[in-house]
Structure formats: structure tokens, C-alpha cells
Amino acid sequence: MRAVAALVAGRAREDVAAIFGVSLKAVDGWWAKWQAGGREALVMRPRGKPVGVHQVLTEAEQGALRQAVLDHRPCDVGLSGQLWTRRLVGELIAKLYRVRLTEVGVGKYLKRWGLSFQRPDKRAVEQDPQAVARWHEETWPEIRAKAKADGGEILFADQVGIRSDQVTGRTWGEKGKTPVVRRTGNRFSVNAMSAISTKGRMHFMVFTETFTAEVMCRFRQRQPHIVHGYFGGPHVRYVLDENPMSF
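Student: Summarise the pairing of strand β2 (residues 189-197); cite the residues concerned and give the values.
Tutor: One face of the sheet, then the other: side chains in a regular strand alternate in exactly this way. With nine bridges joining them, strand β1 (residues 153-163) and β2 adopt antiparallel strand pairing. By the bridge assignment for β2, glycine 161 is matched with asparagine 191. Note that β2 and strand β3 (residues 202-207) share six bridges and pair antiparallel. Across the sheet, residue alanine 192 finds its bridge partner in β3, namely valine 206.

Student: Go over the pattern of salt bridges with me, naming the residues and quoting the values.
Tutor: According to the stated counting rule, one finds 10 salt bridges in the structure shown. Glutamate 14 serves as the salt-bridge partner of arginine 13, at 3.6 Å between the closest nitrogen and oxygen. Salt bridges linked by common partners bring Arg13, Glu14 and Asp28 together as one network.

Student: So what about the pairing of β1? Which residues, and what values?
Tutor: In the sheet, β1 pairs with strand β4 (residues 236-239) via four bridges, with the strands oriented parallel. The residue of β4 that forms the bridge with leucine 155 is tyrosine 238.

Student: Before we move on, could you go through the nonpolar core and cite the residues and values that matter?
Tutor: Among the nonpolar cores identified, the biggest contains 15 residues, and Leu65, Trp84, Val89, Leu92 and Ile93 are the most heavily contacted of them. Only α5 (59-71), α6 (86-97) and α7 (103-112) provide two or more residues apiece to this core. Tallying contributions element by element places α6 first for this core, with four residues. When residues no more than four places from it in sequence are discounted, the contact partners of leucine 65 are Leu57, Leu92, Ile93, Leu96, Tyr97 and Trp113. Within the second largest apolar cluster, 11 residues are counted, among which are Leu155, Phe207, Met216 and Tyr238.

Student: Explain the environment of phenylalanine 219 to me, using residue names and the numbers behind them.
Tutor: You can see phenylalanine 219 is positioned in helix α9 (residues 213-221). Remark: the alpha-carbon pair of phenylalanine 219 and methionine 193, spanning 26 residues in sequence, is separated by 7.4 Å. Apart from residues no more than four positions distant in its own chain, phenylalanine 219 is found in contact with Met193, Ser194, Ala195, His203, Phe204, Met205 and Tyr238.

Student: Quick rundown of α6? Include the residues and the values.
Tutor: Relative to the 16 Å expected for 12 residues at 1.5 Å per residue, α6 spans 16 Å between its end C-alpha atoms, a close match to the ideal helical length. Along α6, the residues that are buried comprise Leu88, Val89, Gly90, Leu92, Ile93 and Ala94. Arginine 98 sits one or two residues past α6 and shows a positive phi near 55°.

Student: Lay out the packing of α6 against α7 with the relevant residues and their values.
Tutor: Running from amino to carboxyl end, α6 crosses α7 at an angle of 90°, the nearest separation of the two axes being 9 Å. Classified by the angle their axes make, α6 and α7 are roughly perpendicular. Taking contact as the criterion, the partners of Arg86, Arg87, Val89, Gly90 and Ile93 in α6 are, on α7, Glu103, Val104, Val106, Gly107 and Leu110. Looking at side-chain class alone, the contact of α6 with α7 contains five nonpolar, two polar and three charged residues.

Student: An account of the packing of helix α2 (residues 13-20) against helix α3 (residues 24-37) is needed here, citing residue identities and associated values.
Tutor: The geometry of α2 relative to α3 is characterised by a closest axis approach of 9 Å and an angle of 110° between their N-to-C directions. If you check the angle between α2 and α3, you find them roughly perpendicular. Judged by the sense of rotation from one axis to the other, the crossing of α2 with α3 is right-handed. Between α2 and α3, the residues in contact are Arg13, Glu14, Val16 and Ala17 and Leu24, Val27 and Asp28, respectively. Of the residues that constitute the contact of α2 with α3, the class distribution is four nonpolar, no polar and three charged.

Student: Run through a negative patch on the surface, naming residues and quoting values.
Tutor: On the surface, Asp128, Asp158, Asp241 and Glu242 cluster together into a patch of negative charge. With respect to the helices, strands and loops of the structure, aspartate 128 is situated in the loop between α7 and α8 (129-150).

The rules we used
- Residues numbered from 1 in each chain as written.
- Predicted model: local features only at pLDDT ≥ 70, side-chain atom pairs only at ≥ 80, totals over all residues.
- Heavy atoms only, no water.
- Pairing = 2+ DSSP bridges.
- Helix = DSSP H or I, 4+ residues; strand = E, 2+ residues; numbered from the N terminus.
- Salt bridge = Lys/Arg side-chain N within 4 Å of Asp/Glu carboxyl O.
- Core = buried A, V, L, I, M, F, W, Y, C linked by side-chain atoms within 4.5 Å.
- Buried < 20%, exposed > 50% of the residue type's maximum accessible area, 1.4 Å probe, protein only.
- Contact = heavy atoms within 4.5 Å.
- Expected span 1.5 Å × (residues − 1).
- Axes fitted to C-alpha atoms, helices over the stretch in contact; angles between N-to-C directions.
- Parallel < 35°, antiparallel > 145°, perpendicular 65-115°, else oblique.
- Nonpolar A, V, L, I, M, F, W, Y, C, P; charged D, E, K, R; others polar.
- Left-handed = near helix turned anticlockwise from the far one by under 90°.
- Patch = residues over 30% accessible without salt bridge, like charges linked within 9 Å, V, L, I, M, F, W, Y side chains within 5 Å.
- Areas by Shrake-Rupley, 256 points an atom, 1.4 Å probe, with all protein chains shown as cover.
- Lys, Arg positive; Asp, Glu negative; His and termini not counted.
- Charge placed at Lys NZ, Arg CZ, Asp CG, Glu CD.

Have a look at this one:
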């Protein structure tokens, strides 16, 4: 637009080409467009086909597929596996709509749907979403308010088993080869009961026997002097899971 404005103002085409660093052919092309259609003819328009043109799947089909990927596992819809891959999404498309796509084509659809390849969060199948909502909206605010009123402490407690050969997390290795972690066959394990406060202070107890109500009572009996010595008050409220041994 500025180049055409310079031409309209009377600048020579050679000067305009030099100022804007383009060829005389480009300057002549802009001038021809200006004379033929004015400002509108010079507006740049996106190249290629508009988004959605010649899509194999309709918008409704794409919406249904996207929701299926978000709401279900492959095994829920008659396929194998727990996690979605481009291959499995392609199999779902073929199963529902009798359309075969390459993995690259499936990947383009997934990207268009705003999805990305991620490590999933793990949720227990026994989890009750309504109970979780009640906990956040009703139970937890009530516990927190009572603890604040009497100057008490809230402890989140749980039991865990630890094995000597346990390997978690990731490590670096050669591409294409799974890293091997050497470990002894002489395994041993211990159990631990721990409790952490809302202020980040923790108390724990290690034991080797099976977790029972007696172990839980022993753990709680060890709390009073810890509470008076570090937590600053005699009132302790435990937040526990639904393990019957915890009560």
C-alpha cells in the first residue's frame, strides 16, 4: 500500500523499487492491481483451501469422535488398550464411519480438535465424583473451620508399603533401547504410616508387620507429645482414607 501511495504521489517506479527493495516487476504488478480494483485488490488474502473444505469427516462426526476420545478408553469402545494413540483413533474412525485414514491424517484431526499427546493422570475406578465434590464443598471447609476455632491441627494420614527393588520415574538411555536397571533378587520391604499437616509438618512411623487397627492405634498414641512439642496444641483431626483399619 505504501509503495502504491508513493507512485500516486508522483515518485518514479525505479525510486519506489529501490526504496522498498523489490523488483520493477513487483512495482508494476501492484500498480496494475491498483488501477484495476483499487485498495481492495491490494489486500492480501489467505492462500490454500479454507479450513474444513474437503474434510473426510463431517463436523458432527468429528465432534462425536473428539468426545469419545475424551470420555472413554479404547477398551470401553471395543478396541484394545487403555490409552489412545493415533492408530487406535484411526481404528475407531474406521469402526464407526468406515473411513480409513493414515496416522498422519489422524494426527491432523487430533491437532485440529485441540488435543495433544500427554501422560495421563491416574484415578481410582472406585472414586465417587459426587463424594469428592461433597468433600471439597462441605466436609473440608467444616473441618478447617473447626480446627481454626479451637487452635487445632489437621493431619492427613496414610499407610504405604516400600520395597527395596522398587523403581519409579524415568532415566536416560540410548534411543531405541529400553534401559535396564540391575537389582538384587534379595528383596525386603517395610511399611510406613505417616501424617502431614496443612502447614507441611510431618510425623511418621516405620513398621514391618501387616497394617492393622492395632498399628493405627499405636501410631496415634505416639502423637500427643509430638503435638504438644511441635504442633502447638492438643487438638488433632485426622483425615484418613476409607481403609477400615484406620478407624
